[in-house]
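Coordinate analysis (summary)
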Amino acid sequence: MNSNNLPAASAAFPVVGIGASAGGLVALEQFLSHVPEQCGLAVVVVQHRDPHNEGMLVELLQRHTPMPVQQVQDQMPVEPNHVYVIPPGHDMSMMRGVLHLFEPTEARGLRQPIDFFLKSLAADRQHNSIGVILSGMGSDGTAGLRAIRQAGGASFAQAPASAQFDSMPRSAMAADVVDVVAPAEELPARVMAFVGRLRLVGDVQAQVEAEFQRTAAGFLDKILVLLRTHTGHDFSAYKKNTIMRRVERRMGLHQLPRIDDYLRYLRENPSEVDLLLAELLIGVTSFFRDPPVWEQVRREVLPALQANHPDGAMLRAWVAGCSTGEEAYTLAMLFRESLDQVDVSQRYKLLVFASDLDQDAIARARSGVYPASIAADVSDERLKRFFVAEASGYRISNEIREMVIFAEQNVIFDPPFTKLDFLSCRNLLIYLEPQLQEKLLQLFHFSLNPGGCLLLGSSESVGASSVLFSPLLGKSRLYRRLDVSAPVPLGLAPGFDSAGQRTLGFALRAPGAAMATPPDLQLLVEQLVLTQYAPAALLVSSKGEMLYFCGKTGNYLEPAAGKPNLSLFAVARDGIRSALAEAFYPAVRENKVARLKRIRVDSSSPARYVDIVVQPLSEPPALKGTVLIVFKDMVSLRRLKLPALSDATTPEGQRIEAVLNELQHAREDARSTREEMQTSQEELKSANEELQSINEELQSTNEELTTSKEEMQSMNEELQTINQEMQIKVAEVSRASNDMRNLLDSTEIAVLFLDETLRVRRFTPSTVKIFKLIPGDAGRRITDIVCDLDYAGLAADALEVSRSLVFRETDVPTNDGRWFKVRIMPYRTHDNRIDGLVITFADISASKQLEAELRDAQSRLQGLPPVPGSHKAGHGIP
């Protein structure tokens, strides 16, 4: 069925998406039992169901609602006052009022069918979308409710105390995406109240317009004053339509029909001001949201930024309006992946500044803990690499967390971050007035370095600021900063205008007012001194890998033959190699400066000596963890002439020779000790690598166990649902069996059930008056049981009926003079399959007795003499 067949008016009615899992059948029945027949809603039920079992969910729900309940078929349009149930083994989404079915990518385990549908419902119905989460295990549905709230809809959850399994409602409540929490039977009334409020939106808009015409302050200005007074945040630069939609939503949830009532409620309940603030600050974010955009960032933007710094650099980024941090962490993960394609010698680091006005959102972002539902947005490879699995979901790894700095900031009034290479501000400008948008774009231009990139939301553009940014190729909202003159923000202190309203917190300098910058004498002098007078120096990593050379280091370093090696100890000259090795590692381990005095460089003549300084660096932050090695040449001293040293026969010469021998032995011992230490270090390094390998294997095993746990949880939910259906079915079968037993007992008709081999299956109590049956005779052939019937052909007739499927009816007497009408019929199952025989014995003794009496009476009448004159009368003789 095509979506074009859907009536145009159908888009006006709200759609309720209900998510349930284990224990959800009872909650669904309670919910639907309290929904009016003419509610004007379409209800779509998404439940975790066994993909290999059709189940009876449609039939079970139909008994609790007068609305038609049907299982969804592909491309089925939704209609009001109908209930739709997802079929087993499918994912489902909605587009333009039509339900579409998809084969799931995962059969079990990480599937999130509730989130999948609720997100599509939010995108399709916007403020007419309603999400309800009932009993269930896991966190499925949390992300879907967040999407519905972001679209202006309403979210409801069953009270955990009334849910058989409270994991799903609690997960949604912990994420702060639930508007109303109540027992399942009370939720329909709350939903209908919200829907009734939606139908008054037109009246509310007219009333707001009238309020604006009637008074200069206006209704919304009064609300903005309350917000600024209570929270300190000024929303006067926000679009009025955006604020009005959020106010309408709060009015609907509180069932307040007039805007004056809500203003009074807002003044009397300070907590409502905080809730309204949260409505205005709802963050639209997720990991890798809009994948094509992030793919272009990974493929084009990050390599271009790295190409601007061929020798490595600390790249700076700013994510404005980061909400709970998913976008900032996404950028950090992409940058870390891009380093896999970069030469090891090029050292790049990324520092991401992420800011938001919402203090609670910043606290969540700093914790770095996210629900298990992010698996729908993050690939398995990235989950394994950048996250740590926990009981509550996933935690960002330390490697990624250390790249991001979170801060509470008002991007309009607070100072910006500067000297940026990348700036992301998505879905913030669309809520601001055009004048403020233009000024913020000027601020972003000031904050970015030449050639830096700006990322905006899919519904945003640079607009009138196109002279400041040029768009990159593609449909994504990626822009490159142009190196043009632009108004430069001078200060960011907030001010107030003549009306007492807070103004934007930055002033602008015109392009022509810029002054020429004088030459930087300090920089020129420092460069001159560094090149001509400074000692040679070397920057290395904590493992001894060379990163940067300063000055003439060739006197101390000599590349070894063969493959290039960046290790300091491989290229250091023979004389200083061992001394460096002895001083380097203790200095790094203890984070202390080590000084080596008068070290002979090599065995060349004349001898050259050098002082060496090994200094671990902790500042500036960009050099933290590296080591600076400085070489200072020493002036060679003249060799002292000691005649006594040349004569080994003198006592003084012998003592000196002994001392020299001891010194030589000490040097050999030291060399041997160093070699042993190097061997031990290599062994420890090898052992460390083995431990890392074991750790990775354990992490992989843990991930596999986590996946198995999720699969078992999914199977448990499906078994819970099937168990509930089977319990209801057993109850129905028991009730039907009782009805049938009472029916047969009330008719007093003897009924005998036989299988296809004429063995007794069951019988009614009246049958024992004909056959000598006891309960233990079940399973015996009917021919082995004594009966009172004078019916030798009973078995043959039964076999004939079983063969021909044509019933047979016979009147049969008994040994004690009774008569029975024996009717033999095939036993047909529900699916029209022959499974034995049914023989009924109706007592016709009374009718047979009456028939005999009639025959006797007829015989007596026939034996009487004829009446005189009757013969003549019969022939008409006078």
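In short, a report on the structure.

What counts and what doesn't
Residues numbered from 1 in each chain as written. Predicted model: local features only at pLDDT ≥ 70, side-chain atom pairs only at ≥ 80, totals over all residues. Heavy atoms only, no water. Phe/Tyr/Trp six-rings, centres within 6.5 Å; stacked < 30°, edge-to-face > 60°. Helix = DSSP H or I, 4+ residues; strand = E, 2+ residues; numbered from the N terminus. Buried < 20%, exposed > 50% of the residue type's maximum accessible area, 1.4 Å probe, protein only. Lys NZ or Arg CZ within 6 Å of the ring centre and 35° of its normal. Pairing = 2+ DSSP bridges. Axes fitted to C-alpha atoms, helices over the stretch in contact; angles between N-to-C directions. Parallel < 35°, antiparallel > 145°, perpendicular 65-115°, else oblique. Left-handed = near helix turned anticlockwise from the far one by under 90°. Contact = heavy atoms within 4.5 Å. Nonpolar A, V, L, I, M, F, W, Y, C, P; charged D, E, K, R; others polar. Salt bridge = Lys/Arg side-chain N within 4 Å of Asp/Glu carboxyl O.

Enumeration over the complete set of coordinates arrives at 15 aromatic pairs. Aromatic side chains Phe 287 and Tyr 370 sit 5.0 Å apart centroid to centroid with 80° between the ring planes, which places their arrangement in the edge-to-face category. Here the residue Phe 287 occupies a position in the loop between helix 11 (270-280) and helix 12 (291-307), and Tyr 370 occupies one in strand 13 (residues 369-370), the gap between them amounting to 83 residues. Of the two residues examined, Phe 287 and Tyr 370, each falls in the buried class. Summarising the aromatic geometry, the rings of Tyr 556 and Phe 631 are spaced 4.5 Å apart at their centres and angled 10° between planes, so their arrangement reads as stacked. In this pair, Tyr 556 is assigned in the loop between strand 26 (546-550) and helix 19 (568-571) and Phe 631 in strand 29 (residues 627-634), connecting sequence segments 75 residues apart. On the accessibility criterion, Tyr 556 (2% relative accessible area) is buried. Chaining the aromatic ring pairs together yields one cluster made of Phe 287, Tyr 329, Tyr 370, Phe 387, Tyr 394 and Phe 406. Seen from the ring of Tyr 609, Arg 598 lies directly overhead, with NZ or CZ sitting 4.1 Å from the centre. In this structure, Arg 823 is placed above the aromatic ring of Phe 807, and the distance from its NZ or CZ to the ring centre is 4.1 Å.

What follows covers the pairing of strand 2 (residues 42-47). Successive side chains on a regular strand alternate, one facing one side of the sheet and the next facing the other. Summarising burial for strand 2: 6 of the 6 residues are buried, a large majority. Side chains of strand 2 alternate between two faces, with Ala 42, Val 44 and Val 46 and Val 43, Val 45 and Gln 47 buried alike. Bridge count for strand 1 (residues 15-20) against strand 2 is 6 bridges, and the pairing is parallel. Within strand 2, the residue paired with Ala 20 across the bridge is Gln 47.

Turning our eyes to something else, we now look at the packing of helix 12 against helix 13 (residues 326-338). When two helices pack together, you describe them by how their axes are tilted relative to each other and by the distance separating the axes. Put simply, helix 12 and helix 13 touch, their axes get as near as 10 Å, and they point 60° apart. Classed by the angle they form, the pair helix 12 and helix 13 counts as oblique. Remark: the crossing between helix 12 and helix 13 carries right-handed chirality. Side by side, helix 12 and helix 13 meet where Trp 294, Val 297, Arg 298, Leu 302 and Gln 306 of the first sit next to Glu 327, Thr 330, Leu 331, Leu 334, Phe 335, Glu 337 and Ser 338 of the second. Tallied by class, residues from the contact of helix 12 with helix 13 come to 6 nonpolar, 3 polar and 3 charged.

Even without being a glycine, Asn 427 presents a positive backbone phi close to 60°. Within the secondary structure, Asn 427 is located in the loop between strand 17 (420-425) and helix 17 (434-447). Judged by relative accessible area, which is 16%, Asn 427 ranks as buried. One non-glycine residue, Arg 598, lies in the positive phi region at around 50°. Along the chain, the position of Arg 598 falls in strand 27 (residues 594-600).

This next bit is on the environment of Thr 767. The topology assignment puts Thr 767 in the loop between strand 31 (760-763) and helix 23 (794-804). Residue classification places Thr 767 among the buried residues on the basis of a relative accessible area of 0%. Taking C-alpha positions, Thr 767 is 9.0 Å from Thr 840, a pair spaced 73 residues apart along the chain. Apart from residues lying up to four places away in sequence, Thr 767 is in contact with Ala 750, Val 751, Leu 752 and Leu 773.

Note on pairing: side chains with opposite charge can pair once their charged atoms come close. Applying the stated criterion across every chain, the model contains 29 salt bridges. Of the charged contacts in the structure, one is a salt bridge between Arg 149 and Asp 179, with a shortest N-O distance of 3.3 Å. Here Arg 149, found in helix 4 (residues 142-150), pairs with Asp 179, found in the loop between helix 5 (167-174) and strand 10 (180-182); they are 30 residues apart in sequence, far enough to count as distant. On the accessibility criterion, Arg 149 (9% relative accessible area) is buried. Salt bridges sharing partners connect three or more residues here, namely Asp 811, Lys 821, Lys 848, Glu 851 and Arg 855.

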